Amino acid sequence: MDTDRLKESFAKVAQHGDAVPTYFYGYLFIRAPELRDLFPASMAAQRDKLVNALGTVVSNVDSFDQLSFFVRGLGRDHRKFGVLAEHYAPVAEALLATLAYHLGDEWTPQLAADWQAAYEIVAGEMTAAATEAEATTPAWWDAPIVAHERRPGTSIAIITVRPEAAWDHIPGQSVGIQAPRRPRVWRHYSPASAPRADNTVEFHIRARPGGTLSPALVFGMGVGDELRLGPPSGSALTLYAADPDRDLLMLAGGTGLAPLRALVEQLANEAGTAGQPRRVTLFHGGRVTADLYDMTTLTELRQGRPWLNVLPVISDDPYYRGDRGTPVEAALRAGRWSDHEVYVCGPPGMVADSTKRLREAGVPEERLHVEEFDGQGYIPSSRPLAAVGGAR
Ligand code: HEM
């Protein structure tokens, strides 16, 4: 199998932009109309969620050792969409038809055979993992909201759910959330809490103007309403991705605080009476003071924990008397971090700017742990595929 040709051919097809998912879904829903019900009613916002992932994952089949953890997780995760083993064949057919259509004369029988073989490897692993998971794990967890607190002056809500069956995650992972009144619309969010004995999970959600799910979660729902959670996924932002002996710097933009607070809670839980050997410096940034919506909890967490330092920083309020700028600017003013493990979470621009400056300040690539979210939730697939995997 010529995997360079797979990647090259997919890159060429991807240049056709929106025409690619349009063709793919057009073909798929004519070939297998029963699959339409698995997808959200309106797919305009993110037409290429599946097609782009399909092309990227399948054409990277040569990195299968690194990919297999990710792919198996994906297979288990697809149970929450209602995907069954028999759905993989029509999807393969639609993918190959889409590639053939856009590649024209460059689509050869050999290339077709290679795409088919690569797809079968990935699909085989996904369906095997889904079948294994069926014996032990629900496809999704019904999770009623047990607390819903709007944060004044913001469009943020702190939402706590209690899944009806045991639901476990590793701090730093993210999870698909769905609200039954927005059927089949799943968005990833990262819990702000470490696992708790009462099985409750806390999320920090900002309503994104025009968003499909987040405004409903923040403004349209309350205690007693049901959400659905998928299985947790991702490892890039967990503590297991880092050297356990180094101190930690954490930079949070807005509700990007959530997974970082979960990490702090994990460290606090593990510390017990023996204390915490690693120092943690957490900068939480917002445009205006209301954006620092979780300071009360962070201040409480600091009590009696000399290893934890929490520093607020505000970028857009000229009257703010504390530290001004972005989290990375404040951090670079405050110290040197090249020997730290650094965790960054926030909007894509904030993450890109922070990582650029941290690299310039001498933080090695392998000590930078990042996750982005775009207001539609986290973007786990934006990580280089090789870096995704690990804990799941
Ligand atoms: C090689 C096989 C496949 C790969 C690599 C793949 C990959 C992906 C990925 C990465 C996502 C985004 C996940 C997320 O945002 O949580 C996704 C979404 C999805 N996939 Fe798959 N998938 C495959 C096969 C299938 C099949 C056979 C179906 C059955 C119809 C399917 C149905 C879906 C649906 C319904 C979504 C959600 C789409 C949306 O929310 O717009 N996938 N897939």
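Up top is the structure these notes are about.
Bear in mind the structure is a predicted one, so any value in this text is a computation, not a measurement.

A. Region of the structure containing the coordination of the iron atom of the ligand. Protein coordination of the iron atom of the ligand rests on one atom only, His78 (NE2), at 2.1 Å. In this fold, His78 is placed in the loop between α4 (64-77) and α5 (88-103).

B. Inspection of the environment of Ala92 at higher detail. Turning to its location among the elements, Ala92 is positioned in helix α5. Ala92 gets classed as buried once you look at its relative accessible area, which sits at 4%. Through-space distance from the C-alpha of Ala92 to that of Gly75 is 15 Å; in sequence the pair is 17 residues apart.

C. The arrangement of the pairing of strand β7 (residues 248-253) in detail. Within β7, six of the six residues are buried, which leaves the element mostly enclosed by the surrounding structure. Burial of the side chains of β7 extends over both faces: Leu248, Met250 and Ala252 are buried on one face and Leu249, Leu251 and Gly253 on the other. Pairing analysis gives six bridges linking β7 to strand β8 (residues 280-286), with the strands arranged parallel. Counted as the bridge partner of Leu251 is Phe283 from β8. Examined bridge by bridge, β7 and strand β10 (residues 341-346) share five bridges and lie parallel to one another. When the sheet's bridge partners are listed, Leu251 is paired in β10 with Val344.

D. Here's a closer look at helix α11 (residues 348-360). The terminal C-alpha atoms of α11 lie 18 Å apart, and with 13 residues this matches the ideal 18 Å at 1.5 Å per residue to within 8%. Just downstream of α11 lies Gly362, where phi reads positive at about 95°.

E. Spatial organisation of the side chain of His204. Structurally, His204 is set in strand β5 (residues 201-206). Given a relative accessible area of 3%, His204 falls into the buried group. A distance of 2.8 Å separates a polar atom in the side chain of His204 from a polar atom in the side chain of Glu202. Side-chain polar atoms of His204 contact the side chain of Tyr293, separated by 2.8 Å. Setting aside residues no more than four positions away along its own chain, His204 makes contact with Ala157, Ile158, Tyr189, Ala192, Thr255, Ala258, Arg261, Tyr293 and Asp294.

F. Main features of the side chain of Ser190. On the secondary structure map, Ser190 appears in the loop between β4 (187-189) and β5. By relative accessible area, which is 2% here, Ser190 ends up buried. From its side chain, Ser190 meets the backbone oxygen of Gln173 in a polar contact 2.6 Å long.

G. Up close: unusual backbone geometry. The phi dihedral of Arg184 is positive, around 65°, even though this residue is not glycine. Among the structural elements, Arg184 can be located in the loop between β3 (174-178) and β4. The class for Arg184 is partly exposed, based on a relative accessible area of 31%. In this structure, Asn199 is a non-glycine residue whose phi angle is positive, near 65°. Relative to the elements of secondary structure, Asn199 occurs in the loop between β4 and β5.

What counts and how
Every residue gets a number counted from 1 within its own chain, in the order that chain's sequence is written. Confidence filtering applies because this is a predicted model: local features only for residues at pLDDT of at least 70, side-chain atom pairs given and counted only at 80 or more, and all residues used for totals across whole chains, interfaces and linings. Side-chain metrics rest on all non-hydrogen atoms present in the structure, leaving aside hydrogens and water. Sodium, potassium and calcium take a 3.2 Å donor cutoff, other metals 2.8 Å, and in both cases only N, O and S atoms count; water is not among them, so sites may look incomplete. Numbering goes from the N terminus for both helices and strands, where a helix is a DSSP run of H or I of at least four residues and a strand is a run of E of at least two. Partly exposed describes any residue whose relative accessible area lies between the buried limit of under 20% and the exposed limit of over 50%, with all areas from a 1.4 Å probe on protein chains only and scaled to the type maximum. Any two strands with at least two DSSP-identified bridges between them are counted as paired. Multiply 1.5 Å by the residue count of a helix minus one, and that product is the helix's expected span. Definition of a polar contact: a pair of N or O atoms within 3.5 Å, with one able to donate and the other able to accept a hydrogen when the atoms are protein atoms, and with sequence-neighbouring residues admitted only if both atoms are side-chain atoms. The criterion used for residue contact is that any of the two residues' heavy atoms lie within 4.5 Å.

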